[in-house]
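Here is how the chains run, residue by residue.
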Amino acid sequence: MGTMTIDGRKVEFTNEKNVLSVIRKAGINLPTLCYHSEVSTFGACRLCTVEDDRGRTFASCSEEPRDGMVIYTNTGRIKKYRRLIVELLLAAHCRDCTTCVKNGECVLQGLAARMNISTVRFENTRELRPLDTSSPALVRDPNKCILCGDCVRACEEIQGVGALGFAFRGTDAMVMPAFNKPIAETDCVNCGQCRVYCPTGAISIKTNMDEVWDALADPDTRVVAQVAPAVRVAVGDAFGLPAGRSVMGKIVTMLHRLGFDEVYDTTFSADLTIMEETKEFLERVGQGKNLPLLTSCCPAWVKFVHDQYPEFIPNISTCRSPQEMFSAVIKEHFKGYEKNQGKKTVVVSIMPCTAKKMEILRPDSVNNGERNTDVVLTTTELIRMIRTSGIDFAELPPESSDMPFGLGSGGGVIFGVTGGVTEAVLRRLVDKHDKESLDAIAQCGVRGEEGIKEFTVDYKGIPINVCVVSGLANARTVMERVKNGEANYQIIEVMACRQGCIMGGGQPVKPGARTKEERTRGLYNADSVMVIKKADENPTIAALYEGLLKGKEHELLHNTIPW
Amino acid sequence: MQIGGPSGGCLTTEHLDVGLDFDSVKKYGAIVGSGGLVVMDEHTCMVEVARFFMSFTQRESCGKCVPCREGTKRMLEILERIVEGNGKLSDLDELQEIAEMVKSMALCGLGKSAPLPVLSTLKTFRDEYVEHIVDKKCRAKTCQALRKYRINEELCKGCGKCAKSCPVGAITGKRRESYHIDPELCIKCDTCRDNCAFEAIYVEA
């Protein structure tokens, strides 16, 4: 608590952890390249340096606010120094901006514009280094790395994986996996949080847009899309619509206009997941075997368990993820000539997630010798494709998803936010569907932005201890407790990305925006307006079990071989 | 006089009466630092001194903060350019600009003090910098690229030993007459001067 003087104005502060936060709260957006409030302070870019009344300079991110401080954020020399720092960074950086994936969204590019840098006086003498394209989901371009370490800290502190680190020193310093191994050979789970934190194009999504354009252009191919719940709340703001509002209807129209033959909603297969996973859970509780059940919707989390806690592999639900269940059902549906009319079926799943690009390559994501999902497009790629088309997204009328796989329940929609899977399972477990019962579930502790949520629910007299986790570093904490016998859960839901899929590694990145609150609200609102709230009340699901799935539930909806 | 180790500053004879304590030397852009004192005479080139210390701090930079990692690299590049005779007058402004920035913005003591030799020599020995850039001349005759090898015709006996030892064939002449060094070909390796028995070869500043 106290007051400080910033540029001659008195500003009060309470519990801000550093001077930078107080300055930003006062409405001055000091530039930073290495500061994120969610990870530890690094203090390397020095752009947030300010001057005090004695002419002393210090990085405001690394200084605690003190009562009576007098600071200046934009003195002549500080402005000059900041500009020079950006110029020096540009000098050691690949400057092919026009062909960079990050063009228009790059923080460094933005700072160059903001500082009015028109020439760079120094030659780039950095040795050209090869790209790492080994991962199915991400591309690392060391030539665009500015060594801010944001990816290193995100991977280590938020995800508890630590696949990236610093190597060498001075101007030879580089960010790389240990021993400069290709990233695909490390414990990287492809969650893409490094890419979310990277201010430049040094880590980007491996794109598959060309494959989709080709399929769309081929008259002998039926292109079928499935759109994940979290996608619908992350597209609108790119086209001037309110952030976080669900634009599923416009996405369906857009995909049809782009040439997709069928557009389905992944909430449908989220309902399938709920049916299967609840059944599996009740079986395991009955037998007392392989508990706690670990959810299997998130491929990054599943890989994390395989790499870090192999002894818990039997605890992972055998259910395929909603993406894989859906693709298997779609491929099965279009198998016969009557349905496919001789056309090849290409399933494109549109996901908020980079790890889904890895999931489709698993040996178990296959039926009848064919990969079920052909291409995964992230939300970011979808937005780029929409821009390429030139179609005015904001003005499009909404359409409903195609049948027979276009109908999902509210429980399926909230899969995109942490706790959603558990909430949907709990809805399935209660017989009632009145507002009071659903509100009671929503308020049992399953919602909220904490990384680890624990609560107990009663199921027919049996107490069920539930743990809902988002962020793999949190998952590590929970798994250590389970391993050491300090915690006893029957079910653990884990989403690798903090807050769940809405903040996935494939989502567009909006620095500084209140993105997670808006997207969370967007999904809960989308659930509120759904007529059907519970998976078991989705009539198309019941029909599917009676029809296409009969006798094939295990083959199409479950994994049989571990990774 | 260079004081305080590689990241200290350079003082001149006019500072001889300055007390050797933290506050006094700081006023003149130096630090007590390691406590070391290096005393140099007119045979040491102050631009080369700045380059030498910068190459040390640049190598020591850990690479974490941008001002030190990138700033020391660019300062070293400019200093190398100047001692090689390829400097421009605008380099001095760039050098000053980067040095001041690094001093104020670097993360740790190494970075904050790395520019001190540059700043203090720029202030006290600016004329030496200008000589290197404009006249392509190093008055201490130590900057190899700026040395000019000449043969004193009066002392030369025309023995031809220099021409024989020259690795690039830059020396020509007839025996018993004075030899001549072609400045275009000469690589300033000093072999001829080393080999001359009559001290007829000298370096012109």
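Residues numbered from 1 in each chain as written. Chains lettered and ligands numbered in written order. Predicted model: local features only at pLDDT ≥ 70, side-chain atom pairs only at ≥ 80, totals over all residues. Heavy atoms only, no water.

### Here's the deal with the overall build of chain B
Logical step 1: Counting its secondary structure elements, chain B contains nine helices and seven strands.
Logical step 2: Referenced to the eigenvectors of the C-alpha coordinate spread, the extents of chain B come out at roughly 65 × 35 × 25 Å.
Logical step 3: Once local pairs closer than 6 in sequence are excluded, the contacts in chain B between residues at least 24 apart make up 60%.
Logical step 4: As displayed, chain B offers around 10300 Å² of accessible surface, 51% of which is attributable to carbon and sulfur atoms.
Logical step 5: Charged side chains in chain B number 29 positive and 30 negative. The centres of these two groups are separated by 4 Å. (Helix = DSSP H or I, 4+ residues; strand = E, 2+ residues; numbered from the N terminus. Contact = heavy atoms within 4.5 Å. Areas by Shrake-Rupley, 256 points an atom, 1.4 Å probe, with all protein chains shown as cover. Lys, Arg positive; Asp, Glu negative; His and termini not counted. Charge placed at Lys NZ, Arg CZ, Asp CG, Glu CD.)

### Overview of the nonpolar core
All names here are of chain A.
Logical step 1: In this structure, V235, L255, F260, L272, W301, F393 and I492 are the most contacted members of the largest nonpolar core, which totals 123 residues.
Logical step 2: Shared between two domains, this core holds at least three residues of each, these being domain 2 (89-205) and domain 3 (210-557).
Logical step 3: Residues in contact with I492, not counting those within four places in the same chain, are P292, L293, L294, T295, C467, V469, V478, M479 and V482. (Core = buried A, V, L, I, M, F, W, Y, C linked by side-chain atoms within 4.5 Å. Buried < 20%, exposed > 50% of the residue type's maximum accessible area, 1.4 Å probe, protein only. Domains from an automatic or database assignment.)

### Let's talk about the side chain of D52 of chain A
Residues and elements named next belong to chain A.
Logical step 1: Checked against the element boundaries, D52 lands in strand 3 (residues 49-52).
Logical step 2: Note on D52: relative accessible area 9%, which makes it buried.
Logical step 3: Engagement of the side chain of D52 in a polar contact is seen with the backbone nitrogen of R54, the distance being 2.9 Å.
Logical step 4: Discounting residues that sit within four places of it in the chain, D52 has contacts with F58, V70, I71 and Y72. (Polar contact = N/O pair within 3.5 Å; in protein donor to acceptor, adjacent residues only side chain to side chain.)

### Points about the interface of chain B and chain A
In many analyses, interface size is given as the accessible surface area lost on bringing the parts together.
Logical step 1: At the junction of the two partners, chain B supplies 25 residues and chain A supplies 27 residues.
Logical step 2: Taking both partners together, chain B and chain A bury about 2400 Å²; carbon and sulfur atoms supply 58% of that area.
Logical step 3: Here chain B is connected to chain A by one salt bridge.
Logical step 4: Notably, a salt bridge pairs E97 of chain B with R121 of chain A, separated by 2.9 Å at the nearest N-O pair.
Logical step 5: At the boundary of chain B and chain A, one finds 15 residue pairs in polar contact (both at pLDDT 80 or more).
Logical step 6: Elements that contribute at least two residues to the side of chain B that touches chain A include exactly helix 2 (46-60), helix 3 (66-83) and helix 4 (89-105) of chain B.
Logical step 7: Across the side of chain B that touches chain A, the residue classes tally to nine nonpolar, five polar and eleven charged. (Buried area = accessible area lost by both parts, 1.4 Å probe. Salt bridge = Lys/Arg side-chain N within 4 Å of Asp/Glu carboxyl O. Nonpolar A, V, L, I, M, F, W, Y, C, P; charged D, E, K, R; others polar.)

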